[in-house]
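Residue-level listing of the chains:
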Amino acid sequence: MGVYSDGSYGIQPGLVYYFPVTCEKGKWSIVQGLKIDEFSRAKMDATTKELVEEKSLAYSGLLGVILLCQNCIV
């Protein structure tokens, strides 16, 4: 499930990432302690890198819109 990372499995905290989770009484929690082999770690690292780049691009686009809007305020 896509949830905010709490730093589990070495994923940057705050990044929305797909983790194995359990849900109980309307609350989710990331499953801890799973072993990650080298192949999976490489894929996870590549995915994390892409997500961080996309997040940065999205924020830079938002900043441009904010600056543009500030210049339009009369």
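Above this text you will find the structure in question.
This write-up is about the structure you can find in this document. Think of each chain on its own: its residues are numbered from 1, step by step along the sequence as written. Owing to the predicted nature of the model, reporting of local features is limited to residues with pLDDT of at least 70; listing and counting of side-chain atom pairs is limited to 80 or more, with chain, interface and lining totals taken over all residues. Side-chain calculation: all heavy atoms of the structure are included, whereas hydrogens and water are not.

Description of the packing of aromatic side chains
1) Next: Two rings from Phe, Tyr or Trp (for Trp, the six-membered ring) form a pair when their centres sit within 6.5 Å of each other. Planes less than 30 degrees apart are called stacked, planes more than 60 degrees apart edge-to-face, and all others tilted. Taken as a whole and assessed by the stated rule, the structure comprises 2 aromatic pairs.
2) Next: A ring pair is formed by Tyr17 and Phe19, whose centres lie 5.2 Å apart and whose planes are at 50°; its orientation type is tilted.
3) Next: With a relative accessible area of 7%, Tyr17 lands in the buried category.
4) Next: Within the aromatic cluster, the residues linked to one another by ring pairs are Tyr9, Tyr17 and Phe19. A 1.4 Å probe rolled over the protein chains alone gives each residue an accessible area, and that area as a share of the maximum for its type sets the label: buried under 20%, exposed over 50%, partly exposed in between.

What about unusual backbone geometry?
1) Next: Backbone geometry places Tyr9, a non-glycine residue, at a positive phi of 60°.
2) Next: Every helix listed is a DSSP run of H or I at least four residues long, and every strand listed is a run of E at least two residues long, numbered separately from the N terminus. Residue placement: Tyr9 occurs in the loop between β1 (2-4) and β2 (16-18).
3) Next: Owing to a relative accessible area of 14%, Tyr9 belongs among the buried residues under this scheme.
4) Next: A positive phi is found at Lys25, a non-glycine position, where the angle reads about 55°.
5) Next: Inspection of the secondary structure puts Lys25 in the loop between β3 (21-24) and β4 (27-30).
6) Next: Under the relative-accessibility criterion, Lys25 is labelled exposed at 81%.

So far we have only geometry, and geometry alone does not tell us how the molecule works.
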